[in-house]
Structure formats: C-alpha cells, structure tokens
Amino acid sequence: MSSEDEEPCSSTTEGFDFMKNENDETQLCLVCLKPAVGKHYKVPACHGCKSFFRRAILRNIIYPPCKYEAQCYQNISITNRPQKCRFCRYQKCYDVGMVAYFLYDRRKSENGMKLIESVSRFGIRDDITIIDDLISDLSDLDVKISEYRVSKFNPIKHPDLETLIKSPNQLHQATHFEKMPGWPLSQEEFIQQQRRLIEIKIRIEGSQLPAETKLEQFDIKTKEWLPFDMMMAVEFAKTFTFFDRLEFSDKLALMKKSTFMSLALTTAFNSYKAKMGIIQTPDGACISGPTRNEQAVRHFERVMSLRIMEPLIRDKFTIPEYLLLKAIVVCNSASTLSKHGQRIVENEKNKFGKALLEYCFLQYGKKEGGARYSKILNYIDVLEHYQRDFRDFMKTLQIFTPNLIPESRRKLQNEVLCLEE
Ligand SMILES: [Zn+2]
Ligand SMILES: [Zn+2]
C-alpha cells in the first residue's frame, strides 16, 4: 500500500480547498483526536483523516486486517495516540459517522443501512467544507474518466445498458492501463484508423476473425468514442450512493435520460480545457468516424459542436462549475421514473444545485453569484438541444448508411439516444 495513506494530520490542504472554515479550530478530529479543520464527510476531521477516508472510498481500497485486536482506534486520547493501522482507522471513520456521496465498495453489512440513512439526512448548509469535499470527490472521479479515455483500454464489444448498469463499477481500475501511445493522431491517421477499427469489429461479429482478437494486434490507436464515452458516463453515474438506492427500472430510465448529456458535457469541457473551439476526442481528432457523404456530415457535426462549445468559452466555465453541473445533469430526473425514484433523484439534484449556488456566491459575491448560477444551469438547455439534434443526426445517418456501425455498438447507442422508440 502506498505511503501516502500515512499522511500526517497536520499537512496543508490542496486542490479545491478554497473554503476553509476558521471557526472550527477548537474542535477535534473524531477519528484521531488531532485538531479538526472543519467538518468533512459530515464529521469534524483533520486533513489527514479526511484525505484518508476519501482515498479509501474513491480508490476502493480494502485494507489488510488489523494485526492486533482491531481496537487500535478505540481507546485513544490526546496523550494516547493510535497505532498506524489503516484497517482500524477506516473502521473508525465509519463508526464516527463519515459518509460519502460516492461509493465504490458496496458494504451492505450493518454499515449499509447507516450509510443510507445518513446520506438522506444530509443537508448542504451543515458546513461549507462539504462543498469542498464534494468538488474534490467529483474531481477525483473526473480524473479517473480522463485516465480511462487516454488509456489503452479499448473494448471490442460495448455492452448494452442493462449489462453496464448491473456490472460492478470499473472506474477505480483506470490506473491499471497504460497510456495509448502515438497520440495525437493526425486527422488523416484518425480517419484511416477509424475505418480499420470498424472493419475489424464487423469482421469479428461476422466470425471472420476469432472473438478473442485484440485490437492491439492491428495497431489500432483510436476508439469508438461515442459508445466508449457512453460507457464512461454510466460508470460515473454508478459511483453515486443514491444510484444504489434506485430500482433497476429507475436506473435504466435515468441512464436513458442523462447519459448522453453527461458525456456531451464531459467531451465539450475537455475540448474547452484543451483550448479547442470545437469538440475534440482524446486522440486529437475533431470529427467522428468515416461515413459516406463525408463533407455534408462533417459540416453538420461542426455546426452542432460549435453550438455546445460556445457557451463554455463565452462564460469561461470553471472546473468546479463543470463538475457540479455534471452531477446535476446525472440527476436529471424524468417522468419515466417511478414516483419513489423521482423523489430520490430530485432530492439529490437539489443538493448539488445548492452546492453550485453556494459556490457561485462564494466565488462571485452575493450580487453576481445568483446570475452566475442561472447562467451555468442554462447550459442544461443547450445540452438538451444538442441531444435532440444529435439524435436526429444519428437517425438520418442510420437510414443512409445502415451497415456502417458494428452491431454491439448499435444496441447501446440506440438505448442511450432512444433511437428505437
Ligand atoms: Zn484525524
Ligand atoms: Zn488495528
């Protein structure tokens, strides 16, 4: 295990820690009894324990069992310091009531109920550092998605929505893959590679190539970005604790509603961060794969892509705004959900909405914060328009070029874009 888990409690804050609470100096960390730096994950905690808990959750770390009697953090006092036992420290975090928005490990045991209960009672005004925790967690998740996108991970088949929703979360495995070499591709390379990629996939589906064929054998350095990013968006949604509480039919309905918007926001914001004016995929290309009638298709794609890039550039979206907006987009409830499901999702959406509002007040002041908040939320309309346009575009494409997409991709794509309804 890495030594950073031993992080001392007194280390300075980093990253998005832009809102320190000055009033909590007298409070002690409930986990280790060192001075707390505000509430984190709902309880007064020092920076070390906060970071420890966050890492454990977001990296899905399972610590080796305690070498002693699993009491290392039980009878501690200011003079009697705990042992350096991560197993017991993690247990103590739970025992004192730390709760996270995002879960990789689904501990269903006695902690399961406690977690659900505390999450639903959670109010954003409890403490301002909660926004900070939230943004830090969202940022960690976003980094994982970025790592996946630039990695060698390049599945031959894309599972359908049901399989994706039901399978265990894959996001924490991002670091298992090396980076894809040879990027950025030139536009010509990209088009060539996309042609080859699709040809190979269609040959595998037609059993002309063995099913266990690896794309690497063919020196393929591009991905089918649309289904790949759809997968990433579903993996992202699966990490939210509220997602676990939905019935399967509600999960499915929610993913049909929000997956495309979530992936569009991710792609657009990453292109904006790379100082691009139009959508760019991580391999460096600016248009989709090969199609017939290429010129007309590219022109149309360009027009659509400019439309979702423009507000990000004009309003200079910040990273925390993007992260909170994405969480709101994931909680974009639909009438297709059950009443119970709608309540859960709406409740969650309100929390992220409040966090965004709070962030805007802090960054832009009481006067301009409200206007800024509306501006960011208006982007949801832009995404909804984009989704409709994109769907029409794909429909047309499928009519005119029916055999251009591999079968496995079509299933997921049709579900996410609701193309067959
Ligand atoms: Zn502590
Ligand atoms: Zn121990």
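Note that the structure is a prediction, hence the values are computed from the model and not measured.

Looking at the coordination of the zinc ion (ligand 2)
Right, on to step 1. Only Cys66 (SG), Cys72 (SG), Cys85 (SG) and Cys88 (SG) from the protein coordinate the zinc ion (ligand 2), and they sit 2.2 to 2.4 Å from it.
Right, on to step 2. Angles of 105 to 118° at the metal separate the 4 donor atoms of the zinc ion (ligand 2), which places the site in the tetrahedral class.

Here's the deal with the coordination of the zinc ion (ligand 1)
Right, on to step 1. Of the protein atoms, only Cys29 (SG), Cys32 (SG), Cys46 (SG) and Cys49 (SG) coordinate the zinc ion (ligand 1), at distances of 2.2 to 2.4 Å.
Right, on to step 2. Every donor counted, the 4 donor atoms about the zinc ion (ligand 1) form angles of 102 to 114° at the centre, which fits tetrahedral coordination.
Right, on to step 3. One chain supplies every donor to the zinc ion (ligand 1), and in sequence these donors are spaced C-x2-C-x13-C-x2-C. Taken together, the residues span a long stretch of sequence, with Cys29 in the segment before β1 (39–40) and Cys46 in the loop between β2 (43–44) and α1 (47–58) at a distance of 17 residues.
Right, on to step 4. Among the residues examined, Cys29 registers a relative accessible area of 0% and is labelled buried.

Points about the nonpolar core
Right, on to step 1. The biggest cluster of nonpolar side chains holds 84 residues, and the ones touching the most others in it are Phe240, Phe260, Leu324, Phe352, Tyr379 and Phe390.
Right, on to step 2. Non-local contacts of Phe352, meaning those with residues more than four positions away in its chain, are made with Tyr101, Leu134, Phe240, Leu324, Ala327, Ile328 and Cys331.
Right, on to step 3. One finds Ile61, Tyr73, Ile76 and Met98 within the second-largest nonpolar core, a separate group that totals 25 residues.

Some remarks on the packing of aromatic side chains
Right, on to step 1. Counted according to the given criterion, the structure contains 23 aromatic pairs.
Right, on to step 2. Clustering of aromatic rings is evident, with ring pairs tying together Tyr41, Phe52, Phe53, Tyr63, Tyr90 and Tyr94.
Right, on to step 3. For the cation-ring pair, Arg89 lies above Phe52, with the distance from its terminal atom to the ring centre recorded as 4.5 Å.
Right, on to step 4. Stacked on the ring of Phe236, the Lys or Arg Lys326 has its end atom at 4.6 Å from the ring centre.

Some details on helix α6 (residues 187–205)
Right, on to step 1. Taking 1.5 Å of rise per residue, the 19 residues of α6 would be expected to cover 27 Å, and the 27 Å separating its terminal C-alpha atoms lies within 8% of that figure.
Right, on to step 2. Along α6, the positions that sit buried rather than exposed are Phe190, Ile191, Gln193, Gln194, Leu197, Ile198, Ile200, Lys201 and Ile204.
Right, on to step 3. Immediately downstream of α6, the backbone of Ser207 shows phi near 60°, a positive value.

Side note on the confidence of the model for the protein
Right, on to step 1. Predicted confidence across the protein gives a mean pLDDT of 83, with 85% of residues reaching 70 or more.
Right, on to step 2. Ignoring residues within four places in sequence, the model shows residues 1–25, a span with pLDDT below 50, making 57 contacts including any to other chains.
Right, on to step 3. Ignoring residues within four places in sequence, the model shows residues 105–127, a span with pLDDT below 50, making 43 contacts including any to other chains.

Quick look at the packing of helix α7 (residues 225–238) against helix α9 (residues 248–273)
Each pair of packed helices can be summarised by the angle the axes make with each other and by the distance between the axes.
Right, on to step 1. As a packed pair, α7 and α9 sit with axes 9 Å apart at the nearest point and diverge in direction by 110°. Classified by the angle their axes make, α7 and α9 are roughly perpendicular. The element α7 and its partner α9 pack so that their crossing is right-handed. Contacts from Leu226, Asp229, Met230, Ala233, Val234, Phe236 and Ala237 in α7 reach Met255, Thr259, Phe260, Ser262, Leu263 and Thr267 in α9.
Right, on to step 2. For the contact of α7 with α9, the residue count by class is 9 nonpolar, 3 polar and 1 charged.

Rules used in this analysis
- Residues numbered from 1 in each chain as written.
- Chains lettered and ligands numbered in written order.
- Predicted model: local features only at pLDDT ≥ 70, side-chain atom pairs only at ≥ 80, totals over all residues.
- Heavy atoms only, no water.
- Donors = N, O, S within 2.8 Å, 3.2 Å for Na, K, Ca; no water.
- Tetrahedral: all angles 85-135°; square planar, octahedral: opposite > 155°, others 65-115°.
- Helix = DSSP H or I, 4+ residues; strand = E, 2+ residues; numbered from the N terminus.
- Buried < 20%, exposed > 50% of the residue type's maximum accessible area, 1.4 Å probe, protein only.
- Core = buried A, V, L, I, M, F, W, Y, C linked by side-chain atoms within 4.5 Å.
- Contact = heavy atoms within 4.5 Å.
- Phe/Tyr/Trp six-rings, centres within 6.5 Å; stacked < 30°, edge-to-face > 60°.
- Lys NZ or Arg CZ within 6 Å of the ring centre and 35° of its normal.
- Expected span 1.5 Å × (residues − 1).
- pLDDT = per-residue confidence, 0-100.
- Axes fitted to C-alpha atoms, helices over the stretch in contact; angles between N-to-C directions.
- Parallel < 35°, antiparallel > 145°, perpendicular 65-115°, else oblique.
- Left-handed = near helix turned anticlockwise from the far one by under 90°.
- Nonpolar A, V, L, I, M, F, W, Y, C, P; charged D, E, K, R; others polar.

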